[in-house]
Amino acid sequence: MGPVEFIVLAFPEEQLRVRAVASLGALRRSGAVALIDALVVTKTAGGEVLTAELDEFEELQGMLGGRDAARLIGPEDVAESAGLLGRGNCALLVLVEHLWAAEAAEEVRAAGGRIAGSVRIPPERLTEVKAGLAALAASARSQPSPSAQSSSSSSSSSTGSEA
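Residues numbered from 1 in each chain as written. Predicted model: local features only at pLDDT ≥ 70, side-chain atom pairs only at ≥ 80, totals over all residues. Heavy atoms only, no water.

(A) Geometry of the overall build of the protein chain. Helix and strand content of the protein chain: five helices and four strands. Beginning at the N terminus, the succession of helices and strands in the protein chain can be written as β-α-β-β-α-β-α-α-α. Long-range contacts, defined here as pairs at least 24 residues apart, represent 77% of the contacts in the protein chain between residues at least 6 apart. (Helix = DSSP H or I, 4+ residues; strand = E, 2+ residues; numbered from the N terminus. Contact = heavy atoms within 4.5 Å.)

(B) Layout of empty space enclosed by the protein. Inspection of every chain in the model, using the stated rule, returns one cavity of 30 Å³ or more. In this structure, the largest cavity encloses a volume near 30 Å³. Every residue lining the largest cavity is listed: A38, E53, L54, D55, L64 and R71. Tallied by class, the residues present in the lining of the largest cavity amount to three nonpolar, no polar and three charged. (1 Å grid on protein atoms, 1.4 Å probe; cavity = no way out; pocket = protein on both sides within 12 Å on 5 of 7 lines; lining within 4 Å. Points joined across faces, edges and corners; volume = space filled by probe spheres on them. Nonpolar A, V, L, I, M, F, W, Y, C, P; charged D, E, K, R; others polar.)

(C) The pattern of salt bridges, seen in detail. Counted under the stated rule, the structure contains four salt bridges. D37 is the partner of R71 in a salt bridge, and the nearest nitrogen-oxygen pair spans 3.4 Å. Taken together, the positions of R71 in the loop between β3 (49-52) and α2 (75-82) and D37 in strand β2 (residues 33-43) put the pair 34 residues apart, joining distant regions of the chain. If you follow the salt bridges from partner to partner, you end up with D37, E53 and R71 in one network. (Salt bridge = Lys/Arg side-chain N within 4 Å of Asp/Glu carboxyl O.)

(D) Summary view of the sheet that holds β3. Across the sheet, four strands lie side by side as β1-β4-β2-β3; this open sheet has antiparallel pairing. The open sheet has two edge strands, β1 (4-11) and β3, and neither has a second partner. Pairs of neighbouring strands in the sheet enclose a mean axial angle of 25°, with direction left out of account. Note that β1 and strand β4 (residues 89-98) share eight bridges and pair antiparallel. (Pairing = 2+ DSSP bridges. Axes fitted to C-alpha atoms, helices over the stretch in contact; angles between N-to-C directions.)

(E) Just α2, in detail. Restricting attention to buried positions, one finds in α2 the residues V78, S81 and A82. All buried residues of α2 lie within an arc of 100° about the axis, which places them on one face of the element. Those residues of α2 that are exposed and aimed more than 90 degrees away from the buried face are E76, A79 and E80. (Buried < 20%, exposed > 50% of the residue type's maximum accessible area, 1.4 Å probe, protein only. Arc of directions from axis to C-beta.)

(F) Fine view of the environment of G47. Along the polypeptide, G47 turns up in the loop between β2 and β3. Sequence separation between G47 and R87 is 40 residues, and the spatial gap between their C-alpha atoms is 5.6 Å.

(G) Representation of the environment of G46 within the structure. Inspection of the secondary structure puts G46 in the loop between β2 and β3. Considering only alpha carbons, one finds G46 and G88, 42 residues apart in sequence, at a separation of 7.8 Å.

Nothing here speaks to function; it is all geometry.
So, in structure tokens, the structure goes:
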């Protein structure tokens, strides 16, 4: 079995964006991931938290592969995820197995190892880091190189000694 991850995909309305959710189905069909369980959570404008199974939405029926899905997302997950939502928002809670990493994970386990941790880095943070690195590189390009500085200072000191 590959690493399993619980993901909360939040949307700024009380309805899912079907196109965005359909991309998960494409990942499943590609074999990159297995959708183990999924649940829709809505926080109404009045603050009430509602849940719905994917099969309750005509356009999302069969998203879990047409098999009897394991119901592993529980009330605690719903409560915690609802706390991430503003009023009038919804989320798709997804439990995903990363099939692409299954073989590597099995080999690590066979060698007596284990997956000791996993950290998801938000795309916004990666964008910030990339921008910082680009600024650093641009700054370094605009500075004279240390070898150019030392050769210009040695030529000026040799000129000074001749005089």
